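So the chains spell out like this:
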Amino acid sequence: MNFLKKRKGLFSIIAVFTLLLVFFVVRLVFAVSSSYTGFGKSVSVPLRSDVHTAGWNNSEVRKLQKDIFLLEQLRVLAQSDSISMVIDLSDSTVQLQLKGMELFHTKILRKYPGVFLDDLSQEAYRRFAQITCIGNEKANLSKKPVKKIQAFQKETIGSGAETANLQNAPVNWSFVTGNNVCVVITGVKLNQDSTFIMHPTYDLIKYFTRNFFNEIFPETYSPVLYLWLNDNDARAIYRAVPLEGKILFRN
Amino acid sequence: MWNIRKYLHSFARMFFWVFVLGLFVAANLFLVPFVQYSVYRGKSSGNILPDTVRVSERELSQMKQKAEMLKRKLHRLTFAGDAFLIVNTTNNTFRLYQNRQVVRSGLCSTGSFIHLEADSLQSWLFETPKGVFTIKNKMTDPVWRKPDWAFIEEGLPPPPPGHPSRYERGVLGDYALDLGKGYLIHGTLYQRLIGQPVTHGCIRLNDQDLEHIYKTLQVGSKVYIY
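Remember, predicted model here, so these are calculated numbers, not experimental data.

Take the nonpolar core next. Within the largest apolar cluster, 47 residues are counted, with the highest numbers of intra-cluster contacts made by Met85, Ile87, Leu103 and Phe128 of chain A. At five residues, the largest contribution of residues to this core is made by helix H7 (residues 231–240) of chain A. Ranked by size, the runner-up nonpolar core spans 20 residues in total, among them Ile135, Tyr175, Ile213 and Val223 of chain B.

See below:
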């Protein structure tokens, strides 16, 4: 009895440690298996044609092939009547396009991972960089900041506008594209001396914690691209892109 | 002495547990997503095999030609004329382009997103539409033909169509450019509100910008609103 009493602390340490380890290992197994099962609907479906990707290993040829593919996709986008979004990771820009016209572009201030899916096979790249749709959108602002007003009881237009113009929390916008890439956009505000106030580590911890609680044992996986953009620009992009709008990646 | 030992012992125990829990949290938060991404990335790049066919110089130059041809085609397809205007309704700014160069930019006012409800049957949303428009008509000294909502907004009953009280001079500035469906680019008496979302859907500019845009854009010129 005395022996057990003395070792009580040790036993509890081993028990808790084992529990935590088992939890972690089970979660890791689920995570790895979700990465594999996600391939079915992802950009990474391995195809036999990958064997004959002439020149894909040559960086010059690969760049040319990517350029050609982008131009072909832009031509298709140019025939669309709606505003679409182009995320160019090689240039670190996000663009808005309408009828092929570049309406606006903004610099990506930071991205995580620093290099996102850079070594895709040719077939996987074509799936990644083809025109797809934005889905499963979540954001902390509305597409249309509508204020309802009853006739004869309304405030003046000027004061209504002032409330509409108030800038509140930075944009936080996430979506999953049709080719199973999750994009998380965070707005970065400017401070008084025109420098960006950015806390990417804090933001990442926040997102990772949220993901952890959303899916403790993950069953599905989408590679996540975290982008930090100028808050005003992120707001403009969010408001301009219609629901289920088109999106195009370039890597 | 005994107290210090006890204190150190409990401190070490607390430190150990904080360390274990911290390691556990960090592993779950960072290591698991990292492993997922690494597995995914490894799988997606795993099919890159050594090329079985080499690309000749001729094929390379053909690819370059194809890229150039596609660029030219895209340029032709997206040619918006000599001059066009791009309006950002979120930040209430505009950019005027001439020969693909920005020649003027500044603030404007766009729709307030006020949803005015007169009764259960009648309501209006004061929103600037997004998309690509062409200038249908150019006017000097425009006269505002007040629609019903202008009266309802002021708490007045709308007069019959064509009634003299429906016509107001001097409130739209010196020039107006018609985008169709009742939407105009025009001036305003309330210049201090330029840069704010205060309009009923039209695009308001200050007098100098309006004059410049009026003189630069022609009937048929494109206006992109996003």
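Residue and element names in this part refer to chain B. Taken together, four strands build an open sheet; the order of strands is S7-S10-S11-S12 and the sheet is mixed. Each edge of the open sheet is held by one strand with a lone partner, namely strand S7 (137–140) and strand S12 (203–204). Across the sheet, helix H4 (residues 207–216) lies against S7, strand S10 (175–180) and strand S11 (183–186), angled at about 60° from S10, the strand it touches most.

Note the cis peptide between tyrosine 112 of chain A and proline 113 of chain A, where omega equals 0°. For proline 113 of chain A, the location among the structural elements is in the loop between strand S4 (110–112) and helix H4 (122–128). Unusually for a residue other than glycine, lysine 99 of chain A sits at a positive phi of about 50°. Tracing the sequence through the fold places lysine 99 of chain A in the loop between strand S2 (93–98) and strand S3 (101–107). The phi torsion at asparagine 99 of chain B lies on the positive side, around 50°, for a residue other than glycine. We classify asparagine 99 of chain B as exposed; its relative accessible area is 54%.

The two faces of the sheet receive side chains in turn, since in a regular strand these alternate between them. All names here are of chain A. With five of five residues buried, strand S1 (residues 84–88) lies mostly within the body of the structure. The alternating pattern of S1 places Ser84, Val86 and Asp88 and Met85 and Ile87 on opposite faces, both of which are buried. Relative to S2, S1 runs antiparallel, the two sharing five bridges. Along S2, the bridge assignment pairs aspartate 88 with threonine 93. Connecting S1 to the antiparallel partner S2 that follows it, the hairpin turn spans four residues, and serine 92 within it adopts a positive phi of roughly 55°.

Between chain A and chain B, the contact holds 86 residues from the first and 71 residues from the second. Carbon and sulfur atoms make up 70% of the surface buried where chain A meets chain B, a total of about 7300 Å² over both sides. Scanning the region where chain A abuts chain B turns up six salt bridges. Glutamate 117 of chain B is the salt-bridge partner of lysine 148 of chain A, the closest N and O atoms lying 3.7 Å from each other. Here chain A and chain B share 17 residue pairs in polar contact (both at pLDDT 80 or more) between them. The greatest single-element share of the side of chain A that touches chain B, amounting to 14 residues, is contributed by helix H2 (residues 8–37) of chain A. Grouping the constituent residues of the side of chain A that touches chain B by class yields 50 nonpolar, 18 polar and 18 charged. Two elements, strand S6 (residues 147–150) of chain A and strand S4 (residues 114–117) of chain B, share four bridges in a ladder whose sense is parallel.

Another point: empty space enclosed by the protein. Residues and elements named next belong to chain A. Under the definition given, this model contains one cavity of 30 Å³ or more. Roughly 30 Å³ of volume is contained in the largest cavity. Lining the largest cavity are Trp56, Gln65, Lys66, Phe69, Gln122, Tyr125 and Arg126. Where the lining of the largest cavity is concerned, the elements lending two or more residues are helix H3 (59–78) and H4. Across the lining of the largest cavity, the residue classes break down as three nonpolar, two polar and two charged.

What follows deals with the packing of aromatic side chains. Taken as a whole, this structure holds 25 aromatic pairs over all chains when the rule is applied. When the centroid spacing of 6.2 Å and the interplanar angle of 50° are considered together, the rings of phenylalanine 116 of chain A and phenylalanine 128 of chain A count as tilted. Within this pair, whereas phenylalanine 116 of chain A is found in the loop between S4 and H4, its partner phenylalanine 128 of chain A is found in helix H4, the two being separated by 12 residues in sequence. With respect to class, phenylalanine 116 of chain A is no different from phenylalanine 128 of chain A; both count as buried. Here the aromatic residues Phe23, Phe30, Phe212, Phe213 and Phe217 of chain A together with Phe24 of chain B are joined through ring pairs into a cluster of three or more. Looking at lysine 143 of chain A, its charged tip hangs above the ring of tyrosine 238 of chain A, at a distance of 4.2 Å from the centre.

What follows concerns the pattern of salt bridges. Counting across every chain of the model gives 18 salt bridges over all chains. Where lysine 144 of chain A meets glutamate 127 of chain B, a salt bridge forms, and the shortest distance between an N and an O atom there is 3.2 Å. Taken as a pair, lysine 144 of chain A in the loop between strand S5 (132–139) and S6 and glutamate 127 of chain B in the loop between strand S5 (123–125) and strand S6 (131–134) lie in two separate chains rather than in one. Judged by relative accessible area, lysine 144 of chain A falls into the partly exposed class, the value being 40%. Between arginine 235 of chain A and aspartate 231 of chain A there is a salt bridge, with the nearest N and O atoms lying 3.1 Å from each other. One end of the pair, arginine 235 of chain A, and the other, aspartate 231 of chain A, are both in helix H7, four residues apart, so they sit about a helical turn from each other. On the basis of relative accessibility, which here comes to 6%, the residue arginine 235 of chain A falls in the buried class. Within this structure, Lys63, Asp67 and Arg250 of chain A form a network of salt bridges that share partners.

Our focus in this paragraph is a nonpolar patch on the surface. All names here are of chain A. Residues Val22, Val26, Phe30, Phe213, Ile216 and Phe217 make up a contiguous nonpolar surface patch of about 500 Å² in total accessible area. The greatest single-element share of the nonpolar patch, amounting to three residues, is contributed by H2. The topology assignment puts phenylalanine 30 in helix H2. What makes phenylalanine 30 partly exposed here is its relative accessible area of 33%.

Cut-offs and rules
- Residues numbered from 1 in each chain as written.
- Chains lettered and ligands numbered in written order.
- Predicted model: local features only at pLDDT ≥ 70, side-chain atom pairs only at ≥ 80, totals over all residues.
- Heavy atoms only, no water.
- Core = buried A, V, L, I, M, F, W, Y, C linked by side-chain atoms within 4.5 Å.
- Buried < 20%, exposed > 50% of the residue type's maximum accessible area, 1.4 Å probe, protein only.
- Helix = DSSP H or I, 4+ residues; strand = E, 2+ residues; numbered from the N terminus.
- Pairing = 2+ DSSP bridges.
- Contact = heavy atoms within 4.5 Å.
- Axes fitted to C-alpha atoms, helices over the stretch in contact; angles between N-to-C directions.
- Buried area = accessible area lost by both parts, 1.4 Å probe.
- Salt bridge = Lys/Arg side-chain N within 4 Å of Asp/Glu carboxyl O.
- Polar contact = N/O pair within 3.5 Å; in protein donor to acceptor, adjacent residues only side chain to side chain.
- Nonpolar A, V, L, I, M, F, W, Y, C, P; charged D, E, K, R; others polar.
- 1 Å grid on protein atoms, 1.4 Å probe; cavity = no way out; pocket = protein on both sides within 12 Å on 5 of 7 lines; lining within 4 Å.
- Points joined across faces, edges and corners; volume = space filled by probe spheres on them.
- Phe/Tyr/Trp six-rings, centres within 6.5 Å; stacked < 30°, edge-to-face > 60°.
- Lys NZ or Arg CZ within 6 Å of the ring centre and 35° of its normal.
- Patch = residues over 30% accessible without salt bridge, like charges linked within 9 Å, V, L, I, M, F, W, Y side chains within 5 Å.
- Areas by Shrake-Rupley, 256 points an atom, 1.4 Å probe, with all protein chains shown as cover.

Everything listed is a geometric property; what it means functionally is a separate question.
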